[in-house]
Amino acid sequence: MVRRTLRVPVALAAGLTVAFGPLAGIALADPVGVADAVTFDRSLNLQGVQNGRDAGGYRTTDGHWVRTGLVYRTGQLNNATPADLAVLSEHQVRVVDDLRTVYERTIAADRLPPGAAANWVDVIGQAPPQTLVTTLTGGDDLYRAFITAPGANQAFASVLRDIIDTDGAVLFHCTAGKDRTGWTAAVLLTILGVDRDTVTEDYLLSNQYRNASPNDPLNGVSAAWLDAAFDQANRTYGSFDNYVRDGLKLTTDEVAALRAKLLA
């Protein structure tokens with residue numbers, strides 16, 4: 001197991017329509033065609049890991065497709081079975097970005113596929129205690145903290161840069177794979193040019209993948225929460241594009257590299 005240097009300070013912490021999924025065993029898959037869009041099986045079908053799915057396979061507003069087989073999102077990997085790790089290895093996962101706090105990582109350490117590099121990119125470990133309490137239950141305050149909490153921008157940007165730089169696939173996750181992971185996927189798809197309604201639909205798939213009942217904040221997600229994060233990005237930076245440039249500090253070249261790698 002290869003481990004990379006932590007990119008954020010260790011902070012003491014207090015305290016997921018239609019199912020789509022990845023094309024198994026393909027590292028750099030052909031983009032999903034129009035005729036394939038409904039039949040595309042997004043799920044990784046993992047046994048011990050919740051909410052595991054391919055982040056690609058969506059059409060952009062300018063007619064491109066987000067490539068499959070390069071970016072995956074899941075819940076925490078502490079209960080990954082040997083079969084799960086074999087699946088991730090077959091999918092060429094080379095970097096695992098863990099968005100959790102040090103407390104979460106301590107009580108539920110990841111199990112990684114062979115040869116994958118572990119990268120800790122704590123999103124909210126430096127946020128106020130009251131925000132940390134909402135980590136498992138979501139809510140507007142948590143999602144707004146994805147924009148305003150110290151270290152959050154650096155954490156999300158780190159995942160995007162790993163996607164650019166990795167020769168193989170990147171997997172990112174938090175605990176449930178729905179909130180911090182959900183915003184990461186929403187940011188990625190928006191940068192790539194996927195329309196907002198589709199981004200929201202992808203985000204809400206967490207309710208299906210986690211078998212969450214309506215109005216279940218512990219196990220599910222709400223479109224209003226995602227709206228709160230987008231609203232906060234606009235409030236703080238003036239626009240989403242400004243958030244990418246001035247908050248995440250992604251350069252024009254990095255955005256171009258991300259699109260070149262993931263769009264077909």
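Up top is the structure these notes are about.
Residues numbered from 1 in each chain as written. Predicted model: local features only at pLDDT ≥ 70, side-chain atom pairs only at ≥ 80, totals over all residues. Heavy atoms only, no water.

Asker: Which residues make up the environment of A224, and what values do they have?
Answerer: Relative to the helices and strands, A224 resides in helix α8 (residues 223-237). Between the alpha carbons of A224 and G139 there is a distance of 8.4 Å; along the sequence they are 85 residues apart. (Helix = DSSP H or I, 4+ residues; strand = E, 2+ residues; numbered from the N terminus.)

Asker: Quick one: what's the story with the environment of L171, residue by residue and with numbers?
Answerer: Relative to the helices and strands, L171 resides in strand β6 (residues 169-173). Sequence separation of L171 and V93 is 78 residues, and the distance between their C-alpha atoms is 6.5 Å. Excluding residues within four positions of it along the chain, L171 makes contact with Y72, T74, L77, L88, V93, V95, V96 and D97. (Contact = heavy atoms within 4.5 Å.)

Asker: Which residues make up unusual backbone geometry, and what values do they have?
Answerer: Even without being glycine, N51 reaches a positive phi, approximately 60°. With respect to the helices and strands, the residue N51 is situated in the loop between β1 (2-3) and β2 (53-54). Of note, the phi angle at K249 is positive, near 60°, even though the residue is not glycine. If you trace the backbone, K249 turns up in the loop between α9 (240-247) and α10 (252-262).

Asker: An account of the packing of aromatic side chains is requested, with residue identities and associated values reported.
Answerer: The full count for this structure, using the stated rule, is nine aromatic pairs. A centroid spacing of 4.9 Å and a plane angle of 75° characterise the contact between W183 and F230, whose relative ring orientation is edge-to-face. With a gap of 47 residues between them, W183 in helix α6 (residues 180-192) and F230 in helix α8 connect regions that are remote in the sequence. F230 matches W183 in its accessibility class, with the two residues each being buried. (Phe/Tyr/Trp six-rings, centres within 6.5 Å; stacked < 30°, edge-to-face > 60°. Buried < 20%, exposed > 50% of the residue type's maximum accessible area, 1.4 Å probe, protein only.)

Asker: Let's hear about the pairing of β6: which residues, and what values?
Answerer: Remark: a regular strand shows side chains that alternate across the two faces of the sheet. In terms of burial, β6 is a largely internal element, five of the five residues being buried. Across the two faces of β6 the burial is the same, with A169, L171 and H173 and V170 and F172 all buried. Pairing analysis gives four bridges linking strand β3 (residues 71-74) to β6, with the strands arranged parallel. Each residue of the ladder has a partner; that of T74, found in β6, is H173. Relative to β6, strand β4 (residues 93-98) runs parallel, the two being bridged by five bridges. (Pairing = 2+ DSSP bridges.)

Asker: Quick rundown of the packing of helix α4 (residues 140-148) against α8? Include the residues and the values.
Answerer: Packing of α4 against α8 leaves a shortest axis separation of 8 Å and a crossing angle of 35°. Taken as a pair, α4 and α8 cross one another with a handedness that is right-handed. In this structure, α4 uses D140, Y143, R144, I147 and T148 to contact α8, whose residues at the interface are A224, W225, L226, A228, A229, D231, Q232, A233, R235, T236 and Y237. Split by residue class, the contact of α4 with α8 holds nine nonpolar, three polar and four charged. (Axes fitted to C-alpha atoms, helices over the stretch in contact; angles between N-to-C directions. Left-handed = near helix turned anticlockwise from the far one by under 90°. Nonpolar A, V, L, I, M, F, W, Y, C, P; charged D, E, K, R; others polar.)

Asker: Requested: an account of the pattern of salt bridges, with residues and values cited.
Answerer: For the structure shown, the criterion picks out 13 salt bridges. Note that R105 and D98 form a salt bridge whose closest N and O atoms lie 3.6 Å from each other. For E254, the salt bridge identified is with R161, shortest N-O distance 2.8 Å. Separated by 93 residues along the polypeptide, E254 in helix α10 and R161 in helix α5 (residues 152-165) bring together distant segments of the chain. Judged by relative accessible area, which is 25%, R161 ranks as partly exposed. (Salt bridge = Lys/Arg side-chain N within 4 Å of Asp/Glu carboxyl O.)

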